Amino acid sequence: MISIPHKTKQFLVLLIKLLIVGGAFYFIYNQLMHNDKLDWAQFLALFNKNQSVIGISFILVLSVLNRYFEILKWQNLASVLKPISAGEATKQVLAAQTAGIFTPNGIGEYAGKALFFDKSKTKKVIFLNLICNEIQMIVTVVIGIVGLLYFNTQFHVITTRTVIILFAILTLVFIVLFSIKKIKIKGYSIEKLIHKINEIPKQIHKKNIYLSICRYLVFSHQYYFLFLVFDVDLPYLIVMSAITSVYFIASSIPTFQFLDFAVKGSVAVYFFGILGVNEWIVIFISTLMWFLNVVLPAIIGSYYVLNFKILIPSVFDGKREASL
């Protein structure tokens, strides 16, 4: 059989790395420089007025904590396969962030993490990453529903009848899913999925839930403190209910990570518009949240992508050779 020359393999791997990193940087630049809703003059004027080393440091610390809790979550779940250090978990999470920034719903993140493990464990890595993300989603939904209900009691965004209908639909969905849990689709069923989840030690699940709640509290309050920086003086519960509602609704909309701020920004404009907050402030805060919690980790992760060593299986000779 014909084998691919080692130098050719190295070139192909380097090309893939450059495409991932180049694609990530292109989308970041494009969203920041070509968004006509971002008024940089107003932002710089307000920044110069309210700039504070302590304030800026505090916001940055919250971004670090946000990503740190995500790293701990992955380290905790990856221990099902093999124990990994916090440093190794950091490398995997940040590299996956870069790979996922321009893919729908961060699908590239799953592939990014899987590359750090043996090929035979790919399905398990994807499954564990799914558990990692879905627990965060559940926390977002639960807290978001509470926040939305509270917001609705104050401003009557939706009628009581609509709320009842929505809960009835959710209840019906759960009943249907439970009743068909034995039906298989391509060899998989809800019952089998539940069984796989139960195979993971309860202690790991508990820690994952705890870390997900901590992470949610960090990034939601980072959002809140940014509103304070922008001189938005509203009651704490009202602002937090709006923020949790924004995350709840935005998280249910399929999107690309590089468009995340646009989706959250659009939803936030609606809720904070009800509160009388200027649209440009809401958009800027949404953009800053995206930059601090998506862009910066992706930029750091690009270093790990470019320095990543992967074993490439040859489609011609079945051999595996290390890349640069």
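Quick caveat: nothing in here was measured; it's all calculated off a predicted structure. (Residues numbered from 1 in each chain as written. Predicted model: local features only at pLDDT ≥ 70, side-chain atom pairs only at ≥ 80, totals over all residues. Heavy atoms only, no water.)

1. So, the overall build of the protein
The following threshold applies: Segments assigned H or I by DSSP are reported as helices when at least four residues long, segments assigned E as strands when at least two residues long, and all are numbered from the N terminus. Throughout this description, buried means an accessible area under 20% of the type-specific maximum (1.4 Å probe, protein chains only), exposed means over 50%, and partly exposed covers the range between. Each accessible area value is a Shrake-Rupley result obtained with a 1.4 Å probe; residue values ignore everything except the protein chains displayed when judging cover.
Across its full length, the protein carries twelve helices and two strands. Listed by position from the N terminus, the elements making up the protein come as α-α-α-α-α-α-α-α-α-α-α-α-β-β. Residues counted as buried form 42% of the 324 residues belonging to the protein. Of the roughly 18100 Å² that the protein leaves accessible, carbon and sulfur atoms contribute 71%.

2. Some points on the UniProt feature "transmembrane region" (unreviewed entry) in the protein
For clarity, the threshold we go by: UniProt positions are given in the numbering used here, feature names are shortened, and annotations may be inferred rather than shown by experiment.
UniProt records the feature "transmembrane region" (unreviewed entry) for residues 12-32, 52-69, 126-151, 163-180, 209-230, 236-256, 268-292 and 298-316 in the present numbering. As annotated, residues 126-151 has a helix share of 100% and a strand share of 0%, and its two end C-alpha atoms lie 36 Å apart. End-to-end, the C-alpha atoms of residues 209-230 are 32 Å apart, and along that stretch the chain is 95% helix and 0% strand.

3. As for the nonpolar core
The cut-off we apply is this: The definition of a nonpolar core used throughout is a set of buried Ala, Val, Leu, Ile, Met, Phe, Trp, Tyr and Cys residues joined through side-chain atoms within 4.5 Å. Note on contacts: a residue pair qualifies if any of its non-hydrogen atoms lie within 4.5 Å across the two residues.
If you look at the biggest cluster of nonpolar residues, it comprises 33 residues, and the most contacted ones within it are Y223, F227, I243, F272, V277 and I285. Elements supplying a minimum of two residues to this core: α6 (122-155), α9 (202-229), α10 (236-251), α11 (260-274) and α12 (279-306). The element best represented in this core is α10, accounting for eight residues. Apart from residues no more than four positions distant in its own chain, I243 is found in contact with S220, Y223, Y224, F227 and F272.

4. Re α10
Where we set the bar: One less than the residue count of a helix, multiplied by 1.5 Å, gives the span that helix is expected to have.
Compared with the 22 Å implied by 1.5 Å per residue over 16 residues, the 22 Å span of α10 between its first and last C-alpha is a close match. For α10, the complete set of buried residues consists of I238, V239, M240, S241, A242, I243, T244, S245, V246, Y247 and A250.

5. Concerning the confidence of the model for the protein
Using the following cut-off: Scored from 0 to 100, pLDDT records how confident the predictor is in each individual residue.
When the pLDDT values of the protein are averaged, the result is 78; 70% of them are 70 or greater. Per-element confidence in the protein ranges from a low mean pLDDT of 43 for strand β2 (residues 320-322) to a high of 94 for α9. Contacts from residues 311-324, a stretch scored under 50 in pLDDT, to residues over four places away or in other chains number 33 contacts.

6. Things to note about the pattern of salt bridges
If the charged atoms of two oppositely charged side chains come close together, the side chains can form a pair. Short version of the rule: Salt bridges are counted wherever a side-chain nitrogen of Lys or Arg sits within 4 Å of a carboxyl oxygen of Asp or Glu.
Using the criterion set out here, one finds four salt bridges in the structure. Salt-bridge contacts for E70 lead to R215; the nearest nitrogen and oxygen are separated by 3.1 Å. With E70 in helix α3 (residues 53-78) and R215 in helix α9, the pair connects residues that are 145 residues apart, well separated along the chain. R215 matches E70 in its accessibility class, with the two residues each being buried. If you follow the salt bridges from partner to partner, you end up with E70, K73 and R215 in one network.

7. Section: a nonpolar patch on the surface
Filter applied, for reference: Nonpolar side chains (Val, Leu, Ile, Met, Phe, Trp, Tyr) within 5 Å and like charges within 9 Å form the patches, drawn only from residues with over 30% relative accessible area and no salt bridge.
Judged by side-chain polarity, L149, F167, L170 and F174 come together as a nonpolar surface patch covering roughly 390 Å² of accessible area. On the accessibility criterion, F174 (58% relative accessible area) is exposed.

8. Brief notes about the packing of aromatic side chains
Threshold: Pairing of aromatic rings covers Phe, Tyr and Trp, the last through its six-membered ring, and needs centres within 6.5 Å; plane angles under 30 degrees mean stacked, over 60 mean edge-to-face, and all others mean tilted.
Enumeration over the complete set of coordinates arrives at 17 aromatic pairs. Relative to Y236, the ring of Y224 has its centre 5.1 Å away and its plane inclined at 85 degrees; by these criteria the two rings are edge-to-face. Of this pair, Y224 sits in helix α9 while Y236 sits in helix α10, and the two are twelve residues apart along the sequence. The class for Y236 is partly exposed, based on a relative accessible area of 38%.

9. Digging into the packing of α3 against α12
Convention followed: To get an axis, fit a line to the C-alpha atoms, keeping to the stretch in contact for a helix; angles then go from 0 to 180 degrees between the N-to-C directions. Roughly parallel covers angles under 35 degrees, roughly antiparallel covers those over 145, roughly perpendicular covers 65 to 115, and oblique covers all other angles. Crossing chirality is assigned from the near helix's rotation relative to the far helix, an anticlockwise turn below a right angle marking it left-handed and a clockwise turn marking it right-handed.
α12 packs onto α3 with a crossing angle of 65 degrees between their chain directions and a minimal axis gap of 10 Å. As summarised for this structure, α3 and α12 are arranged roughly perpendicular, according to the angle between their axes. Considering only the axes of α3 and α12, their crossing is right-handed. Contacts from I59, L60, S63, N66 and R67 of α3 reach α12 at L292, N293 and P297.

10. Section: the packing of helix α4 (residues 86-100) against α12
To keep it simple, the criterion reads: Residue classes follow a fixed rule: Ala, Val, Leu, Ile, Met, Phe, Trp, Tyr, Cys and Pro count as nonpolar, while Asp, Glu, Lys and Arg count as charged, and any other residue, Gly among them, counts as polar.
The contact between α4 and α12 brings their axes to 7 Å, and the two run at 110 degrees. In terms of orientation, α4 lies roughly perpendicular with respect to α12. Taken together, the residues of α12 that come into contact with α4 (itself represented by K91, L94, A95, Q97 and T98) are N293, V294, P297, A298, I300, G301, S302, Y304 and V305. Looking at the contact of α4 with α12 residue by residue, the class counts come to eight nonpolar, five polar and one charged.

11. Brief notes about a positive patch on the surface
Rules: The charge count includes Lys and Arg as positive and Asp and Glu as negative, but it does not include His or the ends of the chains. Note on charges: their place is set at NZ of Lys, CZ of Arg, CG of Asp or CD of Glu.
A cluster of basic residues, K123, K124, K192 and K196, forms a positive patch at the surface. Listed by contribution, the elements that provide at least two residues to the positive patch are α6 and α8 (190-199). With respect to the element layout, K123 can be found in helix α6. Accessibility expressed as a relative area gives 65% for K123, which makes it exposed.

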